[in-house]
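The primary structure of each chain is shown beneath.
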Amino acid sequence: MAPRNTSLAPSPEAAEDEAALDVPERDRMRSLLPAVETERRIDDWGRSERIEGVFDATLVEFFYRYWFRCEVEGVENVPADGGALLVSNHAGALPPDAAMIGKAIRDEHPQPRPLYMTVEHFFKGYPGFSALLPKIGCVPAHPANVHRLLYDEGQLVLVFPEGRKGTEKLVKDRYKVQRFGRGGFVEAAMRAEAKLVPVCVVGAEEAAPVFARSKLLQKATGLLYFPLTPTFPWLGPAGMLGYLPAKFRIRFLEPIDTTLMGAEPAEDKALVQSVAQEVRARIQENLHEMVSRRKSVWLG
Amino acid sequence: MSAGVEVIAERPERRRVLITGLSSYWGGRLAQALEAFAEIEAIVGVDSRDPTRELERTEFVKVSNQHALIQRIVRAARIDTVIDARLVVDSITTSRQRAHESNVIGTMNLLAACAGEGSPVRKFIFKSSAHVYGSAQTDPAFFTETMARSSPASNPIERDVAEAEASVIDFATKQRNVDVTVLRCANVLGPDVNTSFSKLFALPLIPMIAGFDPRLQFVHEDDVVHALEHAAVHRLPGVYNVGADGVLALSEIIGLLGKRPLPVLPPWGTGVLTSPLRALGVQIPPEMQSLMRFGRGIDNRRYKASGFEYGYTTREAVRAFSEHLRLQPILRGVESSYTYEGEVERFLRRSPLTRQPEERDRRTSGTEQEPFGI
């Protein structure tokens, strides 16, 4: 028996009606979103102002200011309002790049706003990560979550389209941007009529270099992958945070407006693929330029 | 989507309603609520047990899940609206077999009784549960009505709910002249309704699965009654989620209750530990175990768009429940218990000596005249 959770009497007309909602109807659905209860310090995604604040003032602040000495370019390319999907390159064991991008927006942007970081579903099922990650602004990378954040709530969302191919890549492959999935992130932005903001991060790939991966230990711990880094697993779980003090540079590129791509661009698979390739190419090109101008990995 | 909302009260004809599970908490509350509507001419309640709430004009018929008998009642009383408030969504309230009997076989029989040539039924309201969505690692943070669950149901209650709902949807596609409304209710919280969560939250220390802090959404018991009432008086064919605004982390709920968390349940092999815990008085049924790990949120906007307004947010429902927990030791034993006396009810409704409900004065709610008015 297959449970059918579709709406009653599913008919093609009904599906069309849903797609052809006019703008006032959309605004109405947005206005029906639960109101913010000011007494609460956790939002409906599980993000905790208090816990995030503690992290932000201590660990993230330390890494951002003193350890990685982050330098930020083009932060004004992050829109001040409305939904926007930030797309970044990704590397390193327990990558510090997401937290640094969030911190850059919080500290450098004229109108700072929270950044929701998408993570693999895996973390929701792993004890510890499952309780902690939502508190600091991570949401599972489900298309429906990204859509609600971008379209209904008009938030900033960060995705790493390289996914595990990025975090798993070894130090010898640094700054080689991997394949961008199947372009799902472009479709998500198009459906949500959100802007795409490519982001380049230099430094993360040296800060947590992965020299090798252990299949055996990965199986034994049930983790997604088991990296061998200068400090992990030799220093225990805390070794995950044993970043090398590489100099970080974060560059936000000009936003790409998906609303200018005609009606229902997400249905045009060729367009989706070419936009995905374009975003990847722009990130790769900027990374090459940033790495070529860098005199030292550690001093910048 | 919401364009079809039309108040039935505007129609000239008078309504005749059948409520199943009259003796359950929901059936009783709903009958009490519907008695106040003048346009509802008749309310018939069926159940296999005696009613547990005092009812003024609802007619009670004691009958089990026999579709032939229910069909005779439906046709004889020219019932146009059937409200099925009988679904068992919590395995602590009854045995697994009885829950299955009521949920799957009972729904099937009731639908059979409402179908067929010449059936007077034009509207069928089914109280379902957000259990149809399940609770899994790969779930979206907010289920909308069009989303399917991410993995097959793995426990009896979720399977039953899914099966019962599937048969209702099958009924809806075949009986085109019947408006079918399905209300998928989130977990209920409130002073009077007895659920696994209300039991858990009444404990002095609240057990959690170590390393997990699920996002949970509730709906206050009064809002569920109002939601059923809203569906009864409006024309709302379709599936709707019913859950209060706000999804709270379990740790946040424990804070609101003024209690302490006890993260002692092991993340692996949680199921093995549930039987020794039951001996200690802590019941964590299977459908709750996944919720204690992954939680669940539902998007409630579709029902709100139909004009429904919630009285409580999830946070307010938790606070109301916490106030009830504090009062409970004082109120214990004081609550008046109502026992159904068939003879008395018959006398009140049938005897020419008694005034019939229509003639009685409308109940004035709340404010009594102050004897020493200021």
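Let me sum up the structure you'll find in this document. Quantities reported herein were computed from a predicted structural model and do not represent experimental measurements.

A few points about the pairing of strand β5 (residues 123-129) of chain B
The two faces of the sheet receive side chains in turn, since in a regular strand these alternate between them.
All names here are of chain B.
Part 1 of the argument: Across the seven residues that make up β5, a large majority, seven, are buried.
Part 2 of the argument: Because side chains alternate across β5, one face comprises the buried residues Lys-123, Ile-125, Lys-127 and Ser-129, and the other comprises Phe-124, Phe-126 and Ser-128, equally buried.
Part 3 of the argument: Pairing of strand β4 (residues 81-84) with β5, which is carried by four bridges, proceeds in the parallel orientation. Across the sheet, residue Val-82 finds its bridge partner in β5, namely Phe-124.
Part 4 of the argument: Tracing the backbone out of β4, into helix α3 (residues 96-114) and back to the parallel element β5 gives a crossover that is right-handed.
Part 5 of the argument: The sheet contact formed by β5 and strand β6 (residues 179-185) spans seven bridges and is parallel.

What about helix α11 (residues 314-331) of chain B?
Residues and elements named next belong to chain B.
Part 1 of the argument: In this model α11 runs 24 Å from its N-terminal to its C-terminal C-alpha over 18 residues, within 8% of the 26 Å that 1.5 Å per residue would give.
Part 2 of the argument: Considering bend angle alone, the principal kink of α11 is centred on Leu-325 and spans about 30 degrees; proline Pro-329 follows within four residues of it.
Part 3 of the argument: All of the buried residues along α11 are Thr-314, Arg-315, Ala-317, Val-318, Ala-320, Phe-321, Ser-322, His-324 and Leu-325.
Part 4 of the argument: Buried residues along α11 sit in contact with β7 (187-189), α5 (196-201), β9 (215-216), β10 (218-220), β12 (248-249) and α7 (250-256).

With respect to the interface of chain B and chain A
Part 1 of the argument: Taken together, the contact pairs 50 residues of chain B with 41 residues of chain A.
Part 2 of the argument: Where chain B abuts chain A, roughly 3,800 Å² becomes buried across the two surfaces, and 58% of that area is made up of carbon and sulfur atoms.
Part 3 of the argument: Summed over the three residues of chain B that lose the most area to chain A, namely Gln-137, Phe-142 and Arg-301 of chain B, the buried surface amounts to 17% of that side.
Part 4 of the argument: On the surface where chain B and chain A come into contact, there are four salt bridges.
Part 5 of the argument: Measuring nitrogen to oxygen at the nearest pair gives 2.7 Å for the salt bridge that ties Glu-252 of chain B to Arg-40 of chain A.
Part 6 of the argument: Only α4 (156-174), β6, β11 (238-242), β12, α7, α9 (286-294) and α10 (301-305) of chain B provide two or more residues apiece to the side of chain B that touches chain A.
Part 7 of the argument: The residue makeup of the side of chain B that touches chain A, split by class, is 23 nonpolar, 10 polar and 17 charged.

Describing the sheet that holds β4 of chain B
All names here are of chain B.
Part 1 of the argument: Pairing within the open sheet is parallel, and its seven strands lie in the order β3-β2-β1-β4-β5-β6-β11. Two strands lie at the open edges of the sheet, namely β3 (59-62) and β11, each paired on one side alone. Going across the sheet, the axis of each strand differs from the next one's by a mean of 20 degrees, ignoring polarity.
Part 2 of the argument: Both β6 and β11 contribute to a ladder of five bridges, which runs parallel. Residue pairing for β11: Arg-184 is matched across the bridge by Asn-241.
Part 3 of the argument: Sheet strands in contact with helix α1 (residues 25-34) are β1 (15-20), β2 (40-47), β4 and β5, and its direction is about 165 degrees off that of β1.
Part 4 of the argument: Most of the contacts of helix α2 (residues 67-76) go to β1, to which it runs at about 160 degrees, and overall it touches β1, β2 and β3.

Structural notes on a nonpolar patch on the surface
Residue and element names in this part refer to chain B.
Part 1 of the argument: A contiguous nonpolar patch, built from Val-344, Phe-347, Leu-348 and Leu-353 and spanning about 410 Å² of accessible area, is present on the exposed surface.
Part 2 of the argument: Along the chain, the position of Phe-347 falls in helix α12 (residues 342-350).
Part 3 of the argument: Given a relative accessible area of 43%, Phe-347 falls into the partly exposed group.

A short note on the packing of α3 of chain B against α4 of chain B
Residues and elements named next belong to chain B.
Part 1 of the argument: Closest axis-to-axis distance for the α3/α4 pair is 10 Å, and the angle between their directions is 0 degrees. Classified by the angle between their axes, α3 and α4 sit roughly parallel to one another. Every residue of α4 that contacts α3 at Arg-96, Ala-99, His-100, Asn-103, Val-104, Thr-107, Leu-111 and Cys-114 is listed here: Pro-156, Ile-157, Asp-160, Glu-163, Ala-164, Ser-167, Val-168 and Phe-171.
Part 2 of the argument: Broken down by class, the residue content of the contact of α3 with α4 amounts to nine nonpolar, four polar and three charged.

So, how was this worked out
Residues numbered from 1 in each chain as written. Chains lettered and ligands numbered in written order. Predicted model: local features only at pLDDT ≥ 70, side-chain atom pairs only at ≥ 80, totals over all residues. Heavy atoms only, no water. Buried < 20%, exposed > 50% of the residue type's maximum accessible area, 1.4 Å probe, protein only. Helix = DSSP H or I, 4+ residues; strand = E, 2+ residues; numbered from the N terminus. Pairing = 2+ DSSP bridges. Right-handed = clockwise from strand over helix to strand, strands pointing away. Expected span 1.5 Å × (residues − 1). Bend = angle between axes of the 7 residues up to and from the residue. Contact = heavy atoms within 4.5 Å. Buried area = accessible area lost by both parts, 1.4 Å probe. Salt bridge = Lys/Arg side-chain N within 4 Å of Asp/Glu carboxyl O. Nonpolar A, V, L, I, M, F, W, Y, C, P; charged D, E, K, R; others polar. Axes fitted to C-alpha atoms, helices over the stretch in contact; angles between N-to-C directions. Patch = residues over 30% accessible without salt bridge, like charges linked within 9 Å, V, L, I, M, F, W, Y side chains within 5 Å. Areas by Shrake-Rupley, 256 points an atom, 1.4 Å probe, with all protein chains shown as cover. Parallel < 35°, antiparallel > 145°, perpendicular 65-115°, else oblique.

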